[in-house]
Amino acid sequence: MLILGIETSCDETAVALVRDGRLLGEELATQVDTHALFGGVVPEIASREHLRVLPRLYRELMRGTGVDAGDLDGVAVARGPGLLGSLLVGVSFAKGLSLASGVPLIGVNHLWAHLLAPGLEGELEFPALGLLVSGGHTHTYLIQSPTEFTLLGRTLDDAAGEAFDKTAKMLNFPYPGGRYIDELAREAEPDTGMFPRPYIENPTLDFSFSGLKTAVAHYVADHPELVFETMADPQAVADLPAERRASLARVCASFNWSVADTLRIKVERALKQVGKVKSLIVAGGVAANTGVREAMRSVAEGNGLRLTLPGLSLCTDNGAMIAHAGWLLAEAGYRHGLELEAIPRGRIVPLDWERASERA
């Protein structure tokens, strides 16, 4: 079964082809340089860029793989959550292609696709506890199968990725700044008393990183010498004087530890709640962070679980994960009609798919 995947939920435009669970080809265009001028994603610009590059990426993918639209068995598209204007570009393109080629349309939950993405690199073991740590979401799930996700804990305000982005912005790191925090954090030992581990003094599995963001803001205000005068470029970070670099590294290591240990505590708590699972799946952009990966490795080893982490290229938004999730849904017999709706962030993605036999 050959599935085309389309991803336009935020600032990455991507298309990919997956045949029988194997990645056949992928094309991706990032908008990082465009949004770096503003220090963050501008939704209107993002949607216009998707509209501009998506047709070209599709043509290049089909040409490069030698596949024709008539060869497809389904068109999968990220239908949410994400930026509404951006999602509409991908959903509209997918609907048009589905209508023109006569192949099924499959709407994919962007968050679930992240957690299923490691399945492109190896077999996933269920039931699993899933931790999604991305720019806009920090969620835990009990995953019984590729189509059975139970939400256990969720972001109440700032997600882990947002805390990284806002901390980097306070320091005037280049955009996106999370990679620079991670890079510097590896050069120092954390001061575990510098920043709080937010929202852990409670019995819930939910996450809130706004308190950590506020603590960083107060610390930075008290230590203005840490901040670049204007938004730095990568070379400016590389050329930092040794003393200033050491001070920044200590702050980054301490912040990184606070995030990673908060995640560790909540995941340990979730494991006690759900009981027996076979594996721990960690995915999303923040899953590329060294401290987070180490903390989750410790949790998995301590609980006798298989740790499943995606390769770094599958951590960020990509078309391969959408095509793969679409393939799994198609294999289970699920599809959508042309009434498929794009779901913006803040709304729950409905389980409104239907069996192919029902539509027939």
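Attention in this report is confined to the structure presented alongside it. (Residues numbered from 1 in each chain as written. Predicted model: local features only at pLDDT ≥ 70, side-chain atom pairs only at ≥ 80, totals over all residues. Heavy atoms only, no water.)

1. A closer look at the overall build of the protein
Argument step 1. Looking only at helices and strands, the protein has 12 helices and 12 strands in total.
Argument step 2. Taken over the C-alpha trace, the protein has a radius of gyration of 21 Å; the compact-globule value for 360 residues is 21 Å, and the two agree within 12%.
Argument step 3. Projected onto its principal axes, the C-alpha coordinates of the protein cover approximately 65 × 45 × 30 Å.
Argument step 4. Counting the 360 residues in the protein, one finds 56% classified as buried.
Argument step 5. Looking at the protein as shown, the accessible area adds up to about 15,100 Å², and 51% of this sits on carbon and sulfur atoms. (Helix = DSSP H or I, 4+ residues; strand = E, 2+ residues; numbered from the N terminus. Rg over C-alpha atoms; globule rule 2.2 N^0.38 Å. Buried < 20%, exposed > 50% of the residue type's maximum accessible area, 1.4 Å probe, protein only. Areas by Shrake-Rupley, 256 points an atom, 1.4 Å probe, with all protein chains shown as cover.)

2. Side note on the pattern of salt bridges
Argument step 1. Enumeration over the complete set of coordinates arrives at 15 salt bridges.
Argument step 2. Here Arg 52 makes a salt bridge to Glu 49, at a shortest N to O gap of 2.9 Å. With a gap of 3 residues between them, Arg 52 and Glu 49 both fall in helix 2 (residues 43-65), about one helical turn apart.
Argument step 3. Across the pair Lys 166 and Asp 158 runs a salt bridge whose closest N-O atoms are separated by 3.2 Å.
Argument step 4. Of the residues examined, Lys 166 reaches a relative accessible area of 32% and is grouped as partly exposed.
Argument step 5. Overall, the relative accessible area of 8% leaves Asp 158 in the buried class.
Argument step 6. Shared partners join several salt bridges into a network, and the residues in it are Asp 158, Lys 166 and Lys 213. (Salt bridge = Lys/Arg side-chain N within 4 Å of Asp/Glu carboxyl O.)

3. Overview of helix 5 (residues 160-170)
Each turn of an α-helix holds 3.6 residues, which means side chains three or four residues apart point in the same direction.
Argument step 1. For helix 5, the complete set of buried residues consists of Ala 160, Gly 161, Glu 162, Ala 163, Phe 164, Thr 167 and Ala 168.
Argument step 2. Buried residues belonging to helix 5 abut strand 6 (128-133), strand 7 (138-145), helix 6 (178-185), helix 7 (210-222) and helix 9 (242-274).
Argument step 3. Just beyond helix 5, the residue with positive phi is Asn 172, at close to 65°. (Contact = heavy atoms within 4.5 Å.)

4. Section: the layout of surface pockets
Over the atoms, a rolled probe matching the size of one water molecule traces out where space is still vacant.
Argument step 1. Of the volumes computed, that of the largest pocket is approximately 1,500 Å³.
Argument step 2. Lining the largest pocket we find 48 residues, and of these Asp 11, Gly 135, Asp 165, Tyr 175 and Pro 176 sit closest to its centre.
Argument step 3. Mapped by element, the contributors of at least two residues to the lining of the largest pocket are strand 3 (22-30), helix 4 (110-116), helix 5 and helix 6.
Argument step 4. With 7 residues, helix 5 is the single largest residue contributor to the lining of the largest pocket.
Argument step 5. For the lining of the largest pocket, the residue count by class is 19 nonpolar, 18 polar and 11 charged.
Argument step 6. Taken as a whole, the second largest pocket holds about 480 Å³ of empty space.
Argument step 7. Forming the boundary of the second largest pocket are 19 residues, of which Leu 111, His 139, Leu 151, Arg 347 and Ile 348 lie nearest the centre. (1 Å grid on protein atoms, 1.4 Å probe; cavity = no way out; pocket = protein on both sides within 12 Å on 5 of 7 lines; lining within 4 Å. Points joined across faces, edges and corners; volume = space filled by probe spheres on them. Nonpolar A, V, L, I, M, F, W, Y, C, P; charged D, E, K, R; others polar.)

5. Focus on the nonpolar core
Argument step 1. The biggest cluster of nonpolar side chains holds 55 residues, and the ones touching the most others in it are Phe 173, Phe 255, Leu 263, Leu 280 and Met 296.
Argument step 2. Elements with a contribution of two residues or more to this core: strand 6, helix 5, helix 6, helix 7, helix 9, strand 9 (279-283) and helix 10 (290-302).
Argument step 3. The element that contributes the greatest number of residues to this core is helix 9, accounting for 12 residues.
Argument step 4. Look past the residues within four positions of Met 296 in its chain and what remains in contact with it is Leu 131, Ala 260, Leu 263, Arg 264, Val 267, Leu 280, Val 282 and Leu 307.
Argument step 5. Counting residues in hydrophobic clusters, the runner-up holds 35 residues, among them Ile 3, Ala 76, Phe 149 and Tyr 334. (Core = buried A, V, L, I, M, F, W, Y, C linked by side-chain atoms within 4.5 Å.)

6. So, the environment of Leu 340
Argument step 1. Secondary-structure assignment places Leu 340 in the loop between strand 11 (334-335) and strand 12 (354-355).
Argument step 2. When the C-alpha atoms of Leu 340 and Asp 317 are compared, they prove to be 21 Å apart, with 23 residues separating the residues in sequence.
Argument step 3. Beyond its immediate stretch of four places on either side in the chain, Leu 340 contacts Val 77, Arg 79, Val 91, Lys 95, Leu 105 and Gly 107.

7. Examining helix 3 (residues 84-101)
Argument step 1. With 18 residues, helix 3 should cover 26 Å at 1.5 Å per step; its first-to-last C-alpha distance of 25 Å lies within 8% of that length.
Argument step 2. Buried residues along helix 3 sit in contact with strand 1 (2-7), helix 2, strand 4 (74-80) and strand 5 (105-109).
Argument step 3. In the stretch just after helix 3, Gly 102 is the one whose phi turns positive, near 75°. (Expected span 1.5 Å × (residues − 1).)

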